[in-house]
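Summary of structural features
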Amino acid sequence: MDKIPLTVDVNGVKYDLKVKPHWTLLRALREELQLTGTKEGCGKGECGFCTVIIDGIATMSCLTPALRVQGKKITTIEGLPRQGKPHPVQEAFLEEGAVNCGMCIPGMVMAAVAFLNKKANPTEGEVRTALSGNICRCGGYARPVKAVLIASQKIMEAKTNE
Amino acid sequence: MSKLAVVGKDYQKTDAFDKITGAAKFCSDMTVPRMLHAKVLRSPYPHAIVTKIDASDALKLPGVKAVLTHDDVPKILYNRDYHTVWDTLERDNYILEKKARYVGDKIAAVAAEDLDTAEEALDLIDVRYQELPAVYDPVEAMQADAPKIHDEIMIGDRRVPVRNNVIRNTSLEVGDLEKGFSEADMVFEDRYATQRAQQVASEPHSVLVIPEANGRLTVWAGTQSIFGLRMKLAAALGMPESMIKCVRTHMGGSFGSYLDMNIYEPITALLAMKTRRPVKYVNTREEEFISTARHPAVSYIKTGVKRDGTLTARYLKTMMDGAAYAAHSAAASYCVGGWFLSMYKAPNMKYEGCVVYTNTFPCGAFRGFGHPQQNFPVESQMDMIAEELGIDPVEIRLKNHVGLGDDFYYQGVARHGPVCSCGVPELLEKGAKLIGWQEKRLRKREISPTKRYGIGVARGFHTSGAGDKRYGGDTYEYASSIVKFNEDGAANVITAGADTGCGEWQVWCQIAAETLEIPFEKVIMSSMSGITTDEAPHDLGTHATRGTYAIGMGVKAAAEDAKKRILEVAAGILEGKAEDLEAKDGKVYPKKSPDRGLTYAEIAREAINLGYGPIIGTSAIRPSSAPPAFGVKFVELEVDLDTGKVNLLNVVAGHDCGRVVYPAGAECQLGGGVQQGLGFALTEDLVIDEETGATVNGNLRDYKILRTTDMPPVQLFFVEALEPTGPFGAKGIGEAPINDMASAVANAIYHATGMRFKELPITPERILRALGRI
């Protein structure tokens, strides 16, 4: 099967890729760009491990055909830090001890970042709903949920200081 | 004990930064040049003989580099279980089979240039099967006319015929059971069943095998034990262990699912040897779901009691589904008995366990290793006894639990020793207080015409490691580590111990820092992802809740040895005697003149310069004990009588792991156990279709794991009953948190509705059926 050209912006870098028509975005990211921070847990859109941000929207990359992202802007876990400094959501996960095995973490962080970009100062219930597409098997969710609430405060404080 | 500086405090976990940035490489993330991709052709039938197999079309497909069938594999029977000593294991697998024994059994394997080609090649392999009758129920499998799943297996070097599909019978009697029942005022008898639940480690199993030019194999694999994998892979391939180098990586969870070699490691190794190219295999989630699970069990339980709640006799008979290949089956059945005997005191007790082959996919180790299978019957019946006798459920547990000085059976029915630390009374009393037990038990249960409120309790425990060697060597248990100083005074911990994601590396670094009396930041876990069996000393790795207790004990001893060595070297440099020196706060100084000290960095640097060599401490320990780490769960819920749905309102979970070394990690373990246990109670059940033998719901859509929005508020607490044999008083935490959760839920549902469910999970369907609504 011939590969088809695909132009895409990933983490602020423009790439000219060649992908097979049936490939998912997840496969293109992991196999063509070696961006393995985005994980595959089920390949069926059930676990949320593969969540990335496409033009501002948290999306499961395992359900997204690679050719559907032509010309779009994609952010993965590798693209979150700015000048080497982790994103406030990443910082909050570190400070709250929310990282266990780490398979669900990239997807959960991306879902949280996209959510907090749209919703300042959410309630715990809203955070739980925002993360309900992201399965975790290690820690019972308490720490990631708290980390997202703390991250929202960090983001608001940063905006106030700007 | 002096005040602890590092143990008991929270730090940023050793591997957290790598994982939060996506930099951490799991095995499934690995790629190497010239790497091929493997796929396995699986049987569509539950029981069938391969009569013909033709791979010629597959081999003609461009990009296909090798196809293997049963004809190409060593004719060595293997068993994949890591922790049981080889000579006692039922060996019943070939790397690829001539006879399929479950839907999904391993028939052929392909290596190709890319995954698409490997998948396409599977369709081109022509296999003819002769179907055989299949059996899925262990009781039916024992009947004289049942299909024979294995004719003959190997145990050690002996050929052993299999009779009535029975893998093993286990029996132990303490005291005189019949006498115990004759002394009872009342006797309770019930039958309970627990289901085929799956570990669902977040990362599907994967392996990368690189054939080296010198004939050795380098094996990257997510595994709880690089040495266990090396042992079992060498055995399956018929190679010396030293020809294989297994590499530790980050692991995406485990819960016991990585406590055995799976079918993929030897298949991938053979493909790599045949093609002389690196080969990688990654499970799909659907394949993961038929790779391993908890052994389903049906138990008959009988308990004799006096009117005051004293137990006179306890009996459990468990029939366990041993699946198509033995793996951990015999050990799991054996351990059910040990856990049962250790739940409550009675002068007369008996356990009988039977584990039987069926045509279902292999089961393996799953967090709790047989404990939930007996906890559900025991804790359900304890509630019934309490109600009948008019005793509070908390009180009857306080009265009868195995505690200080009592015998604890820590790894099956043969291995036991006295309990030396016990937080059970405090767990029950504190948990009751936190949830408001007294007041809430009396609360009105009818909260609306269709909703009922209930509150329940259950308790359990798990071992910390596999214990000592007094009772015969059927289980490996051995801890060994290296601690060595760098020239700047920082120290490295070298251990084969795996971090399944729960922070084991963190715990070992904290233990080393505390022992060496240096800041946590100055301890490095050597090659988190990358240490191998070539350089790490032998240690069986992370299982049986032995990480903190047993491996931690090994790390502590190695650090003590390094500290001793640094004193000896300092004595040489200072031209004095080691016994006149003291090591404290990263410095060594003469006891008489504390101002003349040398820092660890100065000593480590001088040691090399002056020819003392690097400062290295080592350890080699078989722990003398395996203390129980106790837990308790309280749960409040409401049952909707219209829909059958259980709405979880609140959980209070307590655990006694002795000294808490890394609090954030301990909380995640306990909270994660609550989540997994609630799933075991209410939703998680892998269903086998009795027509086809296929797994019906082996995917994350139909196998329901609790999500953020399903979780109730969970309050966690710890009781630190310090363990005299443990490092800094620590015991384990890993497995216990799941063991008693489902029992507490079942007890709360009974309290809410008056309906006693004896089969897990308690789904809306089962509730509606019990209500006569469907």
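A few points on the structure.

What counts, and at which threshold
Residues numbered from 1 in each chain as written. Chains lettered and ligands numbered in written order. Predicted model: local features only at pLDDT ≥ 70, side-chain atom pairs only at ≥ 80, totals over all residues. Heavy atoms only, no water. Helix = DSSP H or I, 4+ residues; strand = E, 2+ residues; numbered from the N terminus. Rg over C-alpha atoms; globule rule 2.2 N^0.38 Å. Buried < 20%, exposed > 50% of the residue type's maximum accessible area, 1.4 Å probe, protein only. Contact = heavy atoms within 4.5 Å. Areas by Shrake-Rupley, 256 points an atom, 1.4 Å probe, with all protein chains shown as cover. Lys, Arg positive; Asp, Glu negative; His and termini not counted. Charge placed at Lys NZ, Arg CZ, Asp CG, Glu CD. Salt bridge = Lys/Arg side-chain N within 4 Å of Asp/Glu carboxyl O. Polar contact = N/O pair within 3.5 Å; in protein donor to acceptor, adjacent residues only side chain to side chain. Nonpolar A, V, L, I, M, F, W, Y, C, P; charged D, E, K, R; others polar. Phe/Tyr/Trp six-rings, centres within 6.5 Å; stacked < 30°, edge-to-face > 60°. Lys NZ or Arg CZ within 6 Å of the ring centre and 35° of its normal. Pairing = 2+ DSSP bridges. Axes fitted to C-alpha atoms, helices over the stretch in contact; angles between N-to-C directions. Expected span 1.5 Å × (residues − 1). Core = buried A, V, L, I, M, F, W, Y, C linked by side-chain atoms within 4.5 Å.

Counting its regular elements, chain B contains 20 helices and 32 strands. Relative to the 2.2 N^0.38 estimate, which gives 28 Å for 774 residues, the radius of gyration of chain B is 27 Å and therefore close to what a compact globule would have. Counting only C-alpha atoms and orienting by the principal axes, one finds that chain B spans roughly 85 × 70 × 50 Å. Counting over 774 residues, chain B shows a buried share of 67%. Excluding contacts between residues fewer than 6 apart, the proportion of contacts in chain B whose partners are at least 24 apart in sequence is 80%. Accessible surface, chain B as shown: approximately 25,800 Å² in total, 50% of it carbon and sulfur. Taken as two groups, the 88 positive and 101 negative side-chain charges of chain B have centres that lie 1 Å from each other.

Here we come to the overall build of chain A. Along chain A, the regular secondary structure elements total five helices and five strands. Going from N to C terminus, chain A has its helices and strands arranged as β-β-α-β-β-β-α-α-α-α. Relative to the 2.2 N^0.38 estimate, which gives 15 Å for 162 residues, the radius of gyration of chain A is 16 Å and therefore close to what a compact globule would have. Taking the principal axes of the C-alpha coordinates as reference, chain A spans close to 50 × 35 × 25 Å. Put simply, chain A has 162 residues, and 56% of those count as buried. The contacts in chain A between residues at least 6 apart in sequence include a share of 55% that link residues at least 24 apart.

Accessible area lost on assembly of the parts is the figure often given for the size of an interface. Counting from both sides, the interface comprises 46 residues of chain A and, opposite them, 50 residues of chain B. Summed over the shared surface of chain A and chain B, the number is eight salt bridges. Between Lys39 of chain A and Asp29 of chain B there is a salt bridge, with its nearest N and O atoms 2.4 Å apart. At the junction of chain A with chain B, the criterion picks out 29 residue pairs in polar contact (both at pLDDT 80 or more). At the level of secondary structure, the elements contributing two or more residues to the side of chain A that touches chain B comprise helix H1 (25–32), helix H2 (88–95), helix H3 (105–118), helix H4 (124–130) and helix H5 (142–161) of chain A. Class assignment for the residues of the side of chain A that touches chain B results in 20 nonpolar, 15 polar and eleven charged.

Here the distance between the centres and the angle between the planes together describe a pair of aromatic rings. Residues and elements named next belong to chain B. This model, assessed by the stated rule, comprises 13 aromatic pairs over all chains. A ring pair is formed by Tyr102 and Tyr325, whose centres lie 6.2 Å apart and whose planes are at 80°; its orientation type is edge-to-face. Residue Tyr102 is found in the loop between strand E5 (99–100) and strand E6 (106–112), and its partner Tyr325 is found in the loop between strand E17 (311–323) and helix H9 (329–341); the two are separated by 223 residues along the sequence. Residue classification places Tyr102 among the buried positions, given a relative accessible area of 2%. On the basis of an interplanar angle of 10° and a centroid distance of 4.6 Å, the ring pair of Tyr264 and Tyr281 is categorised as stacked. Taken together, the residues span a long stretch of sequence, with Tyr264 in helix H7 (residues 264–275) and Tyr281 in strand E15 (residues 279–282) at a distance of 17 residues. Here the two residues Tyr264 and Tyr281 agree in accessibility, since each one is buried. Put simply, the rings of Trp339, Phe408, Tyr410, Phe461 and Phe630 pair up and form one aromatic cluster. It is Arg314 that lies over the ring of Phe340; its NZ or CZ is 4.1 Å from the centre. Sitting above the plane of the Tyr453 ring, Arg443 keeps its charged end 5.2 Å from the centroid.

Now for the sheet that holds strand E1 (residues 36–42) of chain B. Residue and element names in this part refer to chain B. On the basis of which strands lie adjacent, the open sheet formed by seven strands has the order E3-E6-E1-E15-E12-E13-E14 and mixed pairing. Across the chains shown, the open sheet's two edge strands, defined by having one partner strand only, are strand E3 (64–69) and strand E14 (244–247). Sheet twist, expressed as the mean angle between neighbouring strand axes with direction ignored, is 20°. Looking at chain direction, strand E12 (residues 206–211) and E15 are connected through four bridges and run antiparallel. Each bridged residue has a counterpart across the sheet, and for Leu208 the counterpart in E15 is Lys280.

Another point: helix H3 (residues 115–124) of chain B. Buried residues of H3 of chain B: Asp116, Thr117, Ala118, Ala121 and Leu122 of chain B, and no others. Against H1 of chain A together with E1, helix H2 (56–60), E3 and E6 of chain B lie the buried residues of H3 of chain B. Structurally, the start of H3 of chain B carries an N-cap: the backbone nitrogen of Asp116 of chain B is 3.1 Å from a side-chain oxygen of Asp114 of chain B.

A word on the pattern of salt bridges. One pass over the full model with this rule turns up 56 salt bridges over all chains. Arg196 of chain B is the partner of Asp321 of chain B in a salt bridge, and the nearest nitrogen-oxygen pair spans 3.4 Å. In this pair, Asp321 of chain B sits in strand E17 while Arg196 of chain B sits in the loop between strand E11 (186–194) and E12, placing the two residues 125 residues apart along the sequence. With a shortest N-O distance of 2.9 Å, Asp474 of chain B and Arg415 of chain B are connected by a salt bridge. Of this pair, Asp474 of chain B sits in the loop between strand E22 (451–462) and strand E23 (482–485) while Arg415 of chain B is found in the loop between strand E19 (407–409) and strand E20 (416–418), placing the two residues 59 residues apart along the sequence. No difference in accessibility class separates Asp474 of chain B from Arg415 of chain B, as the two residues are buried. Three or more residues are tied together by salt bridges with common partners; here these are Lys20, Arg27 and Glu31 of chain A together with Asp116 of chain B.

Let us look at helix H10 (residues 371–389) of chain B. Residues and elements named next belong to chain B. For H10, with 19 residues, the first-to-last C-alpha span of 26 Å sits near the 27 Å given by 1.5 Å per residue. A large share of H10 lies buried, amounting to 17 of its 19 residues. Looking one or two residues beyond H10, the residue adopting positive phi is Gly390, at roughly 70°.

Take the pairing of E1 of chain B next. Residue and element names in this part refer to chain B. Burial analysis of E1 places seven of its seven residues in the buried class, which makes it a mostly covered element. Burial of the side chains of E1 extends over both faces: Leu36, Ala38, Val40 and Arg42 are buried on one face and His37, Lys39 and Leu41 on the other. Bridge count for E1 against E15 is two bridges, and the pairing is parallel. Its bridge partner being in E15, His37 is matched across the sheet by Lys280.

Residue and element names in this part refer to chain A. Sheet architecture is open: five strands sit in the order E2-E1-E5-E3-E4, paired in mixed fashion. Single-partner strands in this sheet number two, and they are strand E2 (13–19) and strand E4 (57–60). Adjacent strand axes in the sheet meet at a mean angle of 40° when their direction is disregarded. In this structure, strand E1 (residues 4–10) lies alongside strand E5 (residues 73–75), joined through two bridges in parallel fashion. Among the inter-strand pairings, Asp9 is bridged to a residue of E5, identified as Lys73. Contacting strand E3 (51–54), E4 and E5, H3 crosses the sheet at an angle of about 35° to E3.

Inside soluble globular proteins, nonpolar side chains tend to come together where they are buried. Core analysis: the largest hydrophobic core is formed by 209 residues, its most contacted members being Phe93 of chain A together with Val219 of chain B. When sequence neighbours within four positions are dropped, the list of residues in contact with Val219 of chain B reads Val207, Leu208, Val209, Leu229, Leu233, Ile244, Lys245, Cys246 and Val247 of chain B. Within the second largest apolar cluster, 45 residues are counted, among which are Ala513, Val523, Met528 and Leu574 of chain B.

The next point concerns the pairing of strand E8 (residues 152–155) of chain B. All names here are of chain B. Where strand E4 (residues 90–91) meets E8, two bridges bridge the pair, whose relative direction is antiparallel. Each residue of the ladder has a partner; that of Glu90, found in E8, is Ile155. By the bridge criterion, four bridges tie E8 to strand E9 (residues 158–161) in an arrangement that is antiparallel. Residue pairing across strands places Glu152 opposite Pro161, the latter belonging to E9. Where E8 folds back onto E9 in an antiparallel hairpin, the turn is made up of two residues, including Gly156, whose phi is positive at roughly 60°.

Our focus in this paragraph is the environment of Glu241 of chain B. You can see Glu241 of chain B is positioned in the loop between helix H6 (226–237) and E14. Among all residues touching Glu241 of chain B, those that are not within four sequence positions of it are Arg230, Met231 and Ala234 of chain B.

These values are about where atoms sit, not about what they do.
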